[in-house]
Amino acid sequence: MIKIKKLHHSAYRCQDTHKTKEFYVNFLGLKFTKAFIIENTKTNRKTRVLHSFYSLNDGSAIAFFEDPATPFKFKKQRDFDLHIAFEVSLKDLNVYFEKGKKKGIETRGISDHGFIKSIYFRDPNGYTIELTTPMNKNSKPSEMDLKNVLKDWDKLKPSKVY
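Rules behind the numbers
- Residues numbered from 1 in each chain as written.
- Predicted model: local features only at pLDDT ≥ 70, side-chain atom pairs only at ≥ 80, totals over all residues.
- Heavy atoms only, no water.
- Helix = DSSP H or I, 4+ residues; strand = E, 2+ residues; numbered from the N terminus.
- Buried < 20%, exposed > 50% of the residue type's maximum accessible area, 1.4 Å probe, protein only.
- Contact = heavy atoms within 4.5 Å.
- Areas by Shrake-Rupley, 256 points an atom, 1.4 Å probe, with all protein chains shown as cover.
- Core = buried A, V, L, I, M, F, W, Y, C linked by side-chain atoms within 4.5 Å.
- 1 Å grid on protein atoms, 1.4 Å probe; cavity = no way out; pocket = protein on both sides within 12 Å on 5 of 7 lines; lining within 4 Å.
- Points joined across faces, edges and corners; volume = space filled by probe spheres on them.
- Nonpolar A, V, L, I, M, F, W, Y, C, P; charged D, E, K, R; others polar.
- Pairing = 2+ DSSP bridges.
- Axes fitted to C-alpha atoms, helices over the stretch in contact; angles between N-to-C directions.
- pLDDT = per-residue confidence, 0-100.
- Salt bridge = Lys/Arg side-chain N within 4 Å of Asp/Glu carboxyl O.

Here's the deal with the overall build of the protein
Within the protein, the secondary structure is distributed over 3 helices and 8 strands. Put simply, the protein runs from its N terminus to its C terminus through helices and strands in the order β-α-β-β-β-β-α-β-β-β-α. A principal-axis box enclosing the C-alpha atoms of the protein has dimensions of 50 × 40 × 40 Å. By the burial criterion, 33% of the 162 residues in the protein qualify as buried. At a minimum sequence separation of 6, the contacts of the protein that also span at least 24 residues come to 53%. On the protein, roughly 12,000 Å² of surface is accessible, and the fraction owed to carbon and sulfur atoms is 55%.

Regarding the nonpolar core
Nonpolar side chains in soluble globular proteins tend to be buried together. With 23 residues, the main nonpolar core has Tyr-24, Leu-28, Ile-62, Phe-86 and Leu-131 as its most contacted residues. When residues of this core are traced back to their parent elements, those giving at least two are strand S1 (9-14), helix H1 (17-27), strand S4 (61-66), strand S5 (83-87), helix H2 (90-102), strand S7 (116-122) and strand S8 (128-134). The element best represented in this core is H1, accounting for 4 residues. Phe-86 has contacts with Tyr-24, Leu-28, Leu-30, Leu-56, Ile-62, Ile-129, Glu-130, Leu-131 and Thr-132, leaving out every residue within four places of it along the chain.

Quick notes on the layout of surface pockets
Of the volumes computed, that of the largest pocket is approximately 330 Å³. Taken together, 15 residues form the lining of the largest pocket, with Leu-30, Leu-56, Asn-57, Glu-87 and Val-88 sitting closest to its centre. Only S5 and H2 provide two or more residues apiece to the lining of the largest pocket. Residue composition of the lining of the largest pocket, by class: 7 nonpolar, 4 polar and 4 charged. The space that makes up the second largest pocket amounts to roughly 170 Å³. Residue lining of the second largest pocket: Lys-6, Leu-7, Ser-10, Tyr-12, Leu-56, Asp-58, Ser-60, Ala-61, Ile-62, Ile-84, Ala-85 and Phe-86, and that is the complete set.

Some words on the sheet that holds strand S3 (residues 46-55)
What holds strands together in a sheet is hydrogen bonding between their backbones, with the strands either parallel or antiparallel. The sheet built from 4 strands is open, its strands ordered S1-S4-S3-S2 with mixed pairing. Edge positions in the sheet fall to S1 and strand S2 (31-40), since each of these pairs with one other strand and no more. Ignoring which end each strand starts from, the neighbouring axes of this sheet average 20 degrees apart. Two strands pair when backbone bridges link them, and S3 and S4 are joined in this way by 6 bridges, in the antiparallel orientation. Bridge pairing links Ser-55 to Ala-61 in S4. Its contacts with the sheet put H1 on S1, S2, S3 and S4, and the angle it makes with S3 is roughly 10 degrees.

Thoughts on the confidence of the model for the protein
In the predicted model, the protein carries a mean pLDDT of 88, and the fraction of residues at 70 or more is 96%. Helix H3 (residues 143-156) is the least confidently modelled element of the protein, averaging 79 in pLDDT, while H1 averages 96, the highest of any element.

Brief notes about the pattern of salt bridges
Side-chain pairs of opposite charge can arise where the charged atoms are in close proximity. Taken as a whole and judged by the stated rule, the model has 3 salt bridges. For Glu-39, the salt bridge goes to Arg-48, with nearest N and O atoms at 2.9 Å. By relative accessible area, Glu-39 is classed as partly exposed at 40%. The exposure class of Arg-48 is exposed, given its relative accessible area of 60%. Residue Glu-106 is joined to Arg-122 by a salt bridge in which the shortest nitrogen-to-oxygen separation is 3.6 Å. Residue Glu-106 is located in the loop between H2 and strand S6 (107-112), and its partner Arg-122 is located in strand S7; the two are separated by 16 residues in the primary sequence. What makes Arg-122 buried here is its relative accessible area of 16%. A single salt-bridge network, built from bridges that share partners, covers Glu-106, Arg-108 and Arg-122.

Structure (structure tokens):
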């Protein structure tokens, strides 16, 4: 059986690599670990794109593509539509909360979700970034608990609007 080992990276478009790097390296403290220019795709299409990577302590990364020649609609995402969550300690959660406020970065929280506490920022591209800390690492829902939540959702969910 093939098993996926871990998340290597997750990639998103960015408007400006320098502003993106400023946020992820200088504000969040990630390490800028790789960047390269792509001039030909694997289908031999000409392009000019910068791909940059920012590593987390576990070896995974968040990556960005800057592609100014190809249209892409950047918009502020609702948290429910798209957000990127990174785990931090409770102490660091409080530090980042104050740091975001002091730097004038849109900062929301601290939200208590019962099993995690979270704060939220906007990166320079409009993506919502969540920093979160687990409240009780030993508390995991059973398979039956999870099935019951889905059953409850099926009874309560509103009709499709989209």
